[in-house]
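So the chains spell out like this:
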Protein chains: 2
Amino acid sequence: MTNTTQAAFLLQLQHILPTDRVYTDPVDCYAYAYDNSRNYHSPIAVVFPLTIEEVQAVIVLCNEHQVPVVPRGRGTGTAGGSVPEAGGVALSLERMDKIISIDPDNRMAIVEPGVLNQVLQDEIKPVGFFWPPDPSSAAYCSIGGNLATCAAGPHAVKYGVARDHILGLKAVTGKGEIIKTGCYTSKGVVGYDLTRLLVGSEGTLAVICEATLKLTPLPKFTGGITAEFVDTESCAKAIAAIMAQPYTPSALEFLDNGALTLIRSRHQNLLPENARAYLMIEVDGSQQEITEATEAILQACQVAGLIEAKPAHDTKALWAARKALSPLLKDIAPKKINEDIAVPVSHLPALLTGLEQLAAQHQISNVNFGHAGNGNIHVNLLVNPDNADEMKRAYQCLDEVFSLVLSLQGTLSGEHGVGMAKRPFVPREIDATTIGVMKSLKLTFDPNNVLNPGKLFPA
Amino acid sequence: MTNTTQAAFLLQLQHILPTDRVYTDPVDCYAYAYDNSRNYHSPIAVVFPLTIEEVQAVIVLCNEHQVPVVPRGRGTGTAGGSVPEAGGVALSLERMDKIISIDPDNRMAIVEPGVLNQVLQDEIKPVGFFWPPDPSSAAYCSIGGNLATCAAGPHAVKYGVARDHILGLKAVTGKGEIIKTGCYTSKGVVGYDLTRLLVGSEGTLAVICEATLKLTPLPKFTGGITAEFVDTESCAKAIAAIMAQPYTPSALEFLDNGALTLIRSRHQNLLPENARAYLMIEVDGSQQEITEATEAILQACQVAGLIEAKPAHDTKALWAARKALSPLLKDIAPKKINEDIAVPVSHLPALLTGLEQLAAQHQISNVNFGHAGNGNIHVNLLVNPDNADEMKRAYQCLDEVFSLVLSLQGTLSGEHGVGMAKRPFVPREIDATTIGVMKSLKLTFDPNNVLNPGKLFPA
């Protein structure tokens, strides 16, 4: 785009939206150049539509001028999905932040995409509900972003992920068409399931402008359990045993020795002294269910290598260690490589011992933790990007981690998505024919390839 | 297709599959000309592939010759989805009936599409699981058909529908490409969600050849409740009240006065004498949950017009009346018009009273029953197709029923699907732009329009 054509384009953009909703000053645009990955590319403009018609007008204009348009929620994604790497317009949904309706009788809510996850939770809690997706960024991330990435979190092990809690959408396709998917009923089979096709498509097919969410009744009571192990292997066996019995925990979070050491270094008394692998478990339901589930889970923890498993009476304190971890990791290794692979839970012992071996072999410090009940482990390689040799070893290690995961019937991303970060590795998980079908779908929704171009698939 | 080209095509088909797996005799083909709708059209051949490669070979050949190919499970669908209305080849998946693996540790099973729903349930029950979709045809219908239609049934109110219990698929697109969707983990976000796009697409995009299913632990205990009302309106209010409190029943089935009268005429002592609207309710979980849920549901039933609500100690007997109904309906009106609309539960009072008014106004006998917890009502207009005047009134009535449903934020099909039966009405629920996107998707998967052509959308 020449300076002249860019100027003409921006002028037209400023005809669509008032001045206070079009940023073109590079200083203003800076905050929309990145997300929670380490990628950065400045857009030529940031727009803040308030209505689906405004979203449509922006996309139509971008089609006319062949300018990329990259939708974004609050930029908390870790895979670079909302980074405007090809330049163009960052389309921020943050000002479309109305809760349109809350309908407790039908267990539904209709929201605009910019509503924050926590804001929604706070509104629906008094009427007895929650919306299960609970990424650790819940306080800052938006429902639109949660849907675009099919977000999950600790409670997914019992309650499922974003795609399980959505009934319908209004969206604008990459072509600039307004579509309405799904229905306002808990069951419906008229037409193709475009709703779930858009969920997790990371803004490459359409921009979500309104969502009808399915709400879940709050559990009556919540209980906690902690379990300490002498090593990762014994802990992984306990995880598999917990998931093989019928009481599904509402959360089953794992911390490895690296994570425990890190937390202990900054927070005294938060963790037991001897544990080299640790589980934080939540159960919910009636008091009897909690009693029965606790008993069954404590039983499943009885593997060789268990130090102690016990009910945690203060369930808030239970999560303190887990919550302390992510900021600490950012602190000690701001440019860590952060993956979120998942394997079938029965293969967690092989995965976790394999991860330890690979880290040792390549001399990379690593910290592994995460949503063990889904077999979804956040693998963090703590690297210094200025150390070329370390980076080389880290990428070799990562490559072998992915091979290990796929050999264990796993997936390269349990919840973070592909974005830019995992794009080169997608062909190792999905065959060329299936990728071809996905690329055809992309073109159906977005024939000029203006909507978040280049994301999700290798070129 | 001339006789000569048809003969040449059939000869090539017989090269792909052995004689005992290609039917061409019209007598043999007859059983594959219809489903459980009242539509009939004979295919020119029926094929019985055993592998995904054989399915692919058939579809490739049909593309070469521009011959329609219509996949089918066991033909229990009620919307005509598997009727080969454009002729061509009926592709029966019934001989691909292997359970490939049952993996209790990971709560998964891999099955071929021809496995019967009940056969799967019988295999997974001893290891503590069930697969929630439970259409009334469970004993005869196949998992492949359940997925192609996004089947549901009474337990959907608590456990969801087919799309909620699937992790991955192997399928052959209409173009003849083998694709592999989803993953073998309980979470995964790599690539577009083709799995759920195929679920409910009624064999118009791809033929499902293998499915990785998510299994659900069997509930520990089950309890029953029945409730009798003086009229439909009071019953509908109780349904809405039951669903507005937090204990979700595992089934909440409704019978209207027409249904009750019909059952009473053939089965003495199955039903209370005075009820003019009736609920059969199931709750499951721990004993304490059942106790608490029963109490809460009995409380929600306390509306003006309640005759009696009480626990049903024999839960098997509870379902006897409901199960007796469908055969009776077929018996008295073999060519009844059978719809399965759904509305938000809070609108059930308006729907059910509206249905009564419309039937009276158009002088049509009707029987309404169904999955009230999902607002999913089976509306049966008991007509005699030889009575032209009655048929005219019935279609006028049906038209107004659909208008009523849509005015109440409902959908034209909760679980049966569109097939041929509801095709003309789809544009009343889905706008033209969104239908346009769906049709583009169809062409992406099936550019020559050979796979179940003409289904789902009006021409």
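Quick caveat, the model's predicted, so the values are computed rather than measured.

Participant: Help me out: how do you make sense of the packing of aromatic side chains in this one?
Facilitator: In this description, a pair of aromatic rings is defined by centroid distance and the angle of the planes. All names here are of chain A. Tallied over the full model, the rule gives 16 aromatic pairs over all chains. Ring centres 5.5 Å apart and planes at 80° place the aromatic pair Y32 and F48 in the edge-to-face group. Taken as a pair, Y32 in the loop between α2 (26–29) and β2 (45–47) and F48 in the loop between β2 and α3 (52–65) lie far apart in primary sequence, 16 residues in all. The class for Y32 is buried, based on a relative accessible area of 12%. Aromatic rings pair up to connect Y23, Y32 and F48 into one cluster. Cation over ring: R95 sits above F48, and NZ or CZ is 4.0 Å from the ring centre.

Participant: Just checking my understanding: could you explain the relation of the copies chain B and chain A for this structure?
Facilitator: Note: a rotation about an axis with an accompanying shift along it relates these two copies of the chain. Expressed as a screw transformation, the operator carrying chain B onto chain A has a rotation angle of 180° and an axial translation of 0.0 Å, and the superposed copies differ by an RMSD of 0.0 Å. Given the turn and translation reported, the copies of this chain are related as if by a two-fold rotation axis. Here 100% of the interface residues in chain B have copies in chain A that are interface residues too; the copies meet face to matching face.

Participant: Looking at this structure, how should I read the sheet that holds strand β18 (residues 376–381) of chain B?
Facilitator: Note on sheets: strands pair through backbone hydrogen bonds, and any given pair is parallel or antiparallel. Residues and elements named next belong to chain B. Reading across from one edge, β15-β12-β14-β13-β17-β18-β16 is the order of the 7 strands in this open sheet, with antiparallel pairing throughout. Unpaired on one side and paired on the other, β15 (306–312) and β16 (337–339) mark the two borders of the sheet. On average, adjacent strands in this sheet sit at an angle of 15° to one another, irrespective of strand direction. As paired elements, strand β17 (residues 366–371) and β18 share 6 bridges and run antiparallel to each other.

Participant: Help me understand the pairing of strand β9 (residues 178–182) of chain B in this model?
Facilitator: Regular strands place side chains that alternate from one sheet face to the opposite one. As paired elements, strand β8 (residues 166–173) of chain B and β9 of chain B share 5 bridges and run antiparallel to each other. The residue of β9 of chain B that forms the bridge with G168 of chain B is G182 of chain B.

Participant: Explain the domain arrangement of chain A to me, please; I cannot follow it from the model alone.
Facilitator: Interface size is often expressed as the accessible area that is lost when the parts come together. Residue and element names in this part refer to chain A. According to the domain assignment, chain A contains domain 1 (3–92), domain 2 (99–217) and domain 3 (222–407). Computed over C-alpha atoms only, the centres of domain 2 and domain 3 are separated by 28 Å. Taken over both partners, the interface formed by domain 2 and domain 3 buries close to 780 Å², and the fraction arising from carbon and sulfur atoms is 53%. Considering only the surface of domain 2 that becomes buried against domain 3, P154, V157 and K158 emerge as the three largest contributors, covering 66% of it. At the junction of domain 2 and domain 3, the tally comes to 1 salt bridge. Between D284 and K158 there is a salt bridge, with its nearest N and O atoms 2.6 Å apart. In this assembly, domain 2 and domain 3 are joined by 4 residue pairs in polar contact (both at pLDDT 80 or more). Of the residues in the side of domain 2 that touches domain 3, the class split is 4 nonpolar, 2 polar and 1 charged.

Parameters at a glance
Residues numbered from 1 in each chain as written. Chains lettered and ligands numbered in written order. Predicted model: local features only at pLDDT ≥ 70, side-chain atom pairs only at ≥ 80, totals over all residues. Heavy atoms only, no water. Phe/Tyr/Trp six-rings, centres within 6.5 Å; stacked < 30°, edge-to-face > 60°. Helix = DSSP H or I, 4+ residues; strand = E, 2+ residues; numbered from the N terminus. Buried < 20%, exposed > 50% of the residue type's maximum accessible area, 1.4 Å probe, protein only. Lys NZ or Arg CZ within 6 Å of the ring centre and 35° of its normal. Least-squares fit on C-alpha atoms with pLDDT ≥ 70 in both. Contact = heavy atoms within 4.5 Å. Pairing = 2+ DSSP bridges. Axes fitted to C-alpha atoms, helices over the stretch in contact; angles between N-to-C directions. Domains from an automatic or database assignment. Buried area = accessible area lost by both parts, 1.4 Å probe. Salt bridge = Lys/Arg side-chain N within 4 Å of Asp/Glu carboxyl O. Polar contact = N/O pair within 3.5 Å; in protein donor to acceptor, adjacent residues only side chain to side chain. Nonpolar A, V, L, I, M, F, W, Y, C, P; charged D, E, K, R; others polar.

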